[in-house]
Amino acid sequence: MNRMTYQTLRAQMALRGHSMATLSQAIGMKYNTFLRKMRCDSEFTLGEALRIRRELRYQGAVDVLFAQGVEETA
């Protein structure tokens, strides 16, 4: 089974020491909402993406940070 993932976002979270729980709290989003968006069940809004980018101190483009790739799962 394949699922979409935000590889760059996940990498930046790890570099900055953020889990999904801590990042969702830092940007003022409920954890379950953040989890659904990370699973691509719904999309991040531009405002949410900009808050995440700011919190992670990511200097690259938002579209790179939120690029979706395919993760293969068993």
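Predicted model only: the values in this text are computed from it and were never measured.

Participant: What am I meant to see in the overall build of the protein here?
Facilitator: When its secondary structure is counted, the protein shows five helices and two strands. The helix and strand sequence of the protein, counted from the amino end, reads β-α-α-α-α-α-β. By the burial criterion, 31% of the 74 residues in the protein qualify as buried. Total accessible area on the protein stands at roughly 4800 Å², and carbon and sulfur atoms take up 50% of it.

Participant: Any chance you could explain the nonpolar core here in plain terms?
Facilitator: Here is a general trend for soluble globular proteins: nonpolar side chains tend to be buried in one another's company. Leu-9, Phe-34, Ile-52 and Phe-66 are the most contacted members of the largest nonpolar core, which totals 15 residues. Taken together, the elements giving at least two residues each to this core come down to helix H1 (7-15), helix H3 (31-38) and helix H4 (46-56). Residue contributions to this core peak at three residues, all from H4.

Participant: I'm lost on the side chain of Glu-48 in this one. Help?
Facilitator: Turning to its location among the elements, Glu-48 is positioned in helix H4. Polar contacts involving the side chain of Glu-48 include one to the main-chain amide nitrogen of Thr-45, which spans 2.8 Å.

Definitions and limits used
- Per chain, residues are indexed from 1 in the order of the written sequence.
- Only residues with pLDDT of at least 70 get local features here, since the model is predicted, and only at 80 or more are side-chain atom pairs given and counted; chain-wide, interface and lining totals rely on the full set of residues.
- Calculated side-chain values reflect all of the structure's heavy atoms, with hydrogen atoms and water omitted.
- Segments assigned H or I by DSSP are reported as helices when at least four residues long, segments assigned E as strands when at least two residues long, and all are numbered from the N terminus.
- To sort residues, take the accessible area from a 1.4 Å probe on protein chains only and compare it with the maximum for the residue type: under 20% means buried, over 50% means exposed, and anything in between is partly exposed.
- All accessibility values rest on the Shrake-Rupley procedure with a 1.4 Å probe; residue burial counts only the protein chains present in the view.
- Each nonpolar core is a collection of buried residues, namely Ala, Val, Leu, Ile, Met, Phe, Trp, Tyr and Cys, held together in the definition by side-chain atoms within 4.5 Å.
- Residues adjacent in sequence count toward polar contacts only when both atoms are side-chain atoms; beyond that, a polar contact is any pair of N or O atoms within 3.5 Å, and within protein one must be able to donate a hydrogen and the other to accept it.

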